[in-house]
Amino acid sequence: TCTLLVTLTLPICAQQPTTTSSKVGGGVSVEKSPQLFFVLAALYASGYQAEGSDDAGPEIAALHQRLRALQGAAIDELRAYYHDHELGTPGETASRYISYALLIGPPPKFLFQEDEAMLPSDVLSLDNFGAVLVKFSQAAGLNREWQRIAPAYDAQVDRYRGPVFRATFVAAGYLREVTKSSSASSFTVYVDPLAGTRANFRTSADHYSLVVGSSRELPIDEIRHAYIHFLIDPLVVQYGDEIDKKHDLMNVAARAPQLPREYQGDFTGLFDECTVKAVELRLNKMSAADLE
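Residues numbered from 1 in each chain as written. Predicted model: local features only at pLDDT ≥ 70, side-chain atom pairs only at ≥ 80, totals over all residues. Heavy atoms only, no water.

J.: Explanation requested: a nonpolar patch on the surface in the structure shown.
T.: The grouping of Phe 165, Phe 169 and Val 170 at the surface amounts to a nonpolar patch, some 310 Å² of accessible area in total. Structurally, Phe 165 is set in helix α7 (residues 142-174). (Patch = residues over 30% accessible without salt bridge, like charges linked within 9 Å, V, L, I, M, F, W, Y side chains within 5 Å. Areas by Shrake-Rupley, 256 points an atom, 1.4 Å probe, with all protein chains shown as cover. Salt bridge = Lys/Arg side-chain N within 4 Å of Asp/Glu carboxyl O. Helix = DSSP H or I, 4+ residues; strand = E, 2+ residues; numbered from the N terminus.)

As structure tokens, this is what we get:
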């Protein structure tokens with residue numbers, strides 16, 4: 001299984017997509033999203049295919065075939081748009097479309113749920129995609145496809161619910177963290193078999209989203225990692241002034257040859273990630289020697 005955990009901070013005013021929800025407690029839910037389905041279906045009709053998506057079951061395989069077989073002016077326009085906006089790898093290309101899907105409203109209009117001036121740069125790069133998506137969805141009859149495929153999506157949501165609850169419950173228990181039902185914070189796992197085996201992580205103010213596919217082995221480690229960020233990040237923000245006092249530690253960390261590029265100039269981000277990793281090490285119940 002190949003997974004890619006991508007972090008992107010979205011604008012504070014962003015709203016979450018319309019979904020079918022399955023609450024599992026502690027501000028956590030497992031959901032399907034029509035916005036994600038429509039956008040990912042458009043990618044598949046354009047020639048994209050996520051790694052591991054062929055293992056998602058016969059209903060999804062049949063959907064792949066129907067999407068690839070589509071013909072017509074709206075389909076040609078979509079395919080031309082997709083190829084004009086391709087990035088270096090299919091995963092990079094799909095990542096920004098996933099960001100787009102998390103910021104739009106439901107079909108048939110797919111309107112942004114916030115001021116377009118506040119959109120992140122990767123979403124802004126998909127200029128006029130909304131108009132292309134509207135025409136494609138109508139020509140392809142995606143509303144019918146969504147109704148047809150919904151039971152398969154519901155089955156995947158059910159498959160994730162128990163493992164997600166257990167992973168988040170244990171992490172919250174270890175950190176002695178209790179999310180009140182009245183809290184505005186939320187952690188949502190969006191399940192879409194068209195996403196393949198890659199996990200895409202997004203944050204929007206107090207709303208954390210992780211888009212996952214239908215891998216044979218559920219990406220529970222990635223889900224738990226994202227959820228620990230959901231619990232830890234507010235503390236890092238709250239105690240940012242104290243953390244900044246330790247900034248000289250960056251001089252030590254910078255000498256590490258494998259220090260990821262995104263942390264080389266971001267001490268707060270590095271502190272945050274190290275804290276999350278420390279929690280994961282404890283939750284893994286490693287031997288003393290392995291822990292060292």
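J.: I'm lost on the nonpolar core in this one. Help?
T.: Nonpolar side chains in soluble globular proteins generally cluster together in the buried interior. By size, the foremost hydrophobic cluster in this structure holds 48 residues, and its most contacted members are Phe 37, Phe 129, Phe 136 and Leu 194. Secondary-structure elements contributing two or more residues to this core are α1 (34-45), α2 (58-68), α3 (73-84), α4 (90-101), α6 (129-140) and α7. With 10 residues, α1 is the single largest residue contributor to this core. The residues touching Phe 136, leaving out its near neighbours within four places in the chain, are Ala 41, Ala 42, Ala 45, Leu 70, Ala 74, Ile 75, Leu 78 and Leu 142. Counting 33 residues, the second-largest nonpolar core is a separate cluster that includes Phe 187, Phe 201, Val 212 and Leu 231. (Core = buried A, V, L, I, M, F, W, Y, C linked by side-chain atoms within 4.5 Å. Buried < 20%, exposed > 50% of the residue type's maximum accessible area, 1.4 Å probe, protein only. Contact = heavy atoms within 4.5 Å.)

J.: Please explain the packing of α1 against α2 as it appears in this structure.
T.: The angle between the axes and the distance between the axes are what describe a pair of packed helices. The N-to-C vectors of α1 and α2 enclose an angle of 60°; their axes lie 8 Å apart at closest approach. In terms of axis orientation, α1 runs oblique to α2. Regarding α1 and α2, the two cross each other, and that crossing is right-handed. Of the residues in α2, those in contact with Phe 37, Ala 41, Tyr 44 and Ala 45 of α1 are Leu 63, His 64, Leu 67 and Arg 68. For the contact of α1 with α2, the residue count by class is 6 nonpolar, 1 polar and 1 charged. (Axes fitted to C-alpha atoms, helices over the stretch in contact; angles between N-to-C directions. Parallel < 35°, antiparallel > 145°, perpendicular 65-115°, else oblique. Left-handed = near helix turned anticlockwise from the far one by under 90°. Nonpolar A, V, L, I, M, F, W, Y, C, P; charged D, E, K, R; others polar.)

J.: Just to check I follow, could you spell out unusual backbone geometry for this structure?
T.: Backbone phi values are negative for most residues with the exception of glycine, while trans is the configuration of most peptide bonds. Residue Pro 108 is bonded to the preceding Pro 107 through a cis peptide linkage, with omega at 10°. Within the secondary structure, Pro 108 is located in the loop between α4 and α5 (121-124). Residues other than glycine seldom take positive phi values, yet Arg 176 does so here, at roughly 55°. Tracing the sequence through the fold places Arg 176 in the loop between α7 and β4 (186-191). On the basis of relative accessibility, which here comes to 69%, the residue Arg 176 falls in the exposed class.

J.: Would you explain the side chain of Asp 122 in this entry?
T.: Tracing the sequence through the fold places Asp 122 in helix α5. Despite its burial, Asp 122 remains without a salt bridge, the nearest opposite charge being carried by Arg 202 at 5.2 Å. A polar side-chain atom of Asp 122 sits 3.1 Å from a polar atom in the side chain of Ser 99. (Lys, Arg positive; Asp, Glu negative; His and termini not counted. Polar contact = N/O pair within 3.5 Å; in protein donor to acceptor, adjacent residues only side chain to side chain.)

J.: Just to check I follow, could you spell out the pairing of strand β3 (residues 28-32) for this structure?
T.: Two faces, one strand: in a regular strand the side chains alternate between the faces of the sheet. Within β3, 5 of the 5 residues are buried, which leaves it mostly tucked inside the rest of the structure. By the alternation rule, side chains of β3 split into Val 28, Val 30 and Lys 32 and Ser 29 and Glu 31, which are all buried. Where β3 meets β4, 4 bridges bridge the pair, whose relative direction is parallel. In the sheet register, Glu 31 faces β4, and the bridge partner there is Tyr 190. (Pairing = 2+ DSSP bridges.)

J.: Would you take a moment to explain α6 for this structure?
T.: Helical periodicity: at 3.6 residues per turn, an α-helix aligns residues three or four positions apart in one direction. The end-to-end C-alpha distance of α6 is 16 Å, a good match for the 16 Å that 12 residues give at a rise of 1.5 Å each. Listed in full, the buried residues belonging to α6 are Phe 129, Gly 130, Val 132, Leu 133, Val 134, Phe 136, Ser 137 and Ala 140. Summarising the contacts, the buried residues of α6 are in contact with α1, α3, α4 and α7. Remark: Gly 141 follows α6 within two positions and exhibits a positive phi of approximately 60°. (Expected span 1.5 Å × (residues − 1).)

J.: So what exactly am I meant to see when it comes to the packing of α2 against α7 here?
T.: The interhelical angle for the contact between α2 and α7, taken along N-to-C directions, is 160°, at an axis separation of 10 Å. When the axes of α2 and α7 are compared, the pair comes out roughly antiparallel. Like other packed secondary-structure pairs, α2 and α7 cross with a definite hand, here left-handed. Together, Glu 59, Ile 60, Leu 63, Arg 66 and Leu 67 of α2 and Leu 142, Glu 145, Arg 148, Ile 149, Ala 152 and Tyr 153 of α7 make up the contact between the two elements. A per-class count over the contact of α2 with α7 returns 7 nonpolar, no polar and 4 charged.

J.: Whenever I open this one, the side chain of Asp 272 confuses me. Can you help?
T.: When you line up the elements, Asp 272 lands in helix α11 (residues 267-283). Buried charge Asp 272 goes without a salt bridge, the closest partner of opposite sign being Lys 277 at 12 Å.

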